[in-house]
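# Analysis of the macromolecular model
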Amino acid sequence: MKQKRYLYLVLLIALIARLAFSLIIHPIQNYLFSDMQSYLNIAQRIISGSQQLDNIFYPPGYSLFLSTIIQANSESFFLITAVLQSLIGVISIWLLYQISTL
């Protein structure tokens, strides 16, 4: 039981650290070039229904994720993206822990 308490504390610290990095230290919106710009362009094409084949070497999953956020709330896009990415990362760590304990 004590081990789970430490796990939750570590996960909370990891979430705070990731949010601080994504929102303060290295905000996404300040680095829109290369990969990030390509993913955003693909997300915009998904939203518009365009079927261009440039950048086909980028996997579509992340662009689908971004297009969902853009459609849901484009004004807070970068904030929502940073928070969701941080949560997904922490949930992934927790799921790996759960798998390893089985």
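Preceding this paragraph is the structure being described.
Now for a description of the structure that goes with this document.

What counts and what doesn't
- Residues numbered from 1 in each chain as written.
- Predicted model: local features only at pLDDT ≥ 70, side-chain atom pairs only at ≥ 80, totals over all residues.
- Heavy atoms only, no water.
- Helix = DSSP H or I, 4+ residues; strand = E, 2+ residues; numbered from the N terminus.
- Rg over C-alpha atoms; globule rule 2.2 N^0.38 Å.
- Core = buried A, V, L, I, M, F, W, Y, C linked by side-chain atoms within 4.5 Å.
- Buried < 20%, exposed > 50% of the residue type's maximum accessible area, 1.4 Å probe, protein only.
- Contact = heavy atoms within 4.5 Å.
- Phe/Tyr/Trp six-rings, centres within 6.5 Å; stacked < 30°, edge-to-face > 60°.
- Expected span 1.5 Å × (residues − 1).
- Arc of directions from axis to C-beta.

Along the backbone of the chain there are four helices and zero strands. Tracing the chain from N to C terminus, the helices and strands come up as α-α-α-α. Taken against the 2.2 N^0.38 rule, which gives 13 Å for 102 residues, the C-alpha radius of gyration of the chain at 17 Å runs more than 25% over that of a compact globule. Its C-alpha atoms give the chain principal-axis dimensions of roughly 55 × 30 × 25 Å.

With 10 residues, the main nonpolar core is built from Ile-28, Met-36, Tyr-39, Leu-40, Ala-43, Leu-66, Ile-69, Ile-70, Phe-77 and Ala-82. Every element with two or more residues in this core is listed here: α2 (34-48), α3 (60-72) and α4 (77-101). Per-element tally for this core: the top contributor is α2, with four residues. Among the nonpolar cores identified, the runner-up in size contains five residues, and Leu-7, Leu-15, Val-90 and Tyr-97 belong to it.

In this section: the side chain of Ser-67. Turning to its location among the elements, Ser-67 is positioned in helix α3. Taking relative accessible area as the criterion, Ser-67 reaches 4% and is therefore assigned buried. Discounting chain neighbours no more than four positions away, the residues touching Ser-67 are Ala-43, Ile-46 and Ile-47.

Take the packing of aromatic side chains next. Per the counting criterion, the structure on display carries four aromatic pairs. On the numbers, 5.1 Å between centres and 85 degrees between planes, the contact of Tyr-39 with Tyr-62 is edge-to-face. Of this pair, Tyr-39 sits in helix α2 while Tyr-62 is found in helix α3, placing the two residues 23 residues apart along the sequence.

With 13 residues, α3 extends 18 Å from end C-alpha to end C-alpha; this agrees with the ideal 18 Å at 1.5 Å per step. Buried residues of α3: Ser-63, Leu-66, Ser-67, Ile-69 and Ile-70, and no others. Along the axis of α3, the buried positions cluster into a sector of 165 degrees, meaning they face one direction only. Counted as exposed and oriented over 90 degrees from the buried face of α3: Thr-68, Gln-71 and Ala-72.

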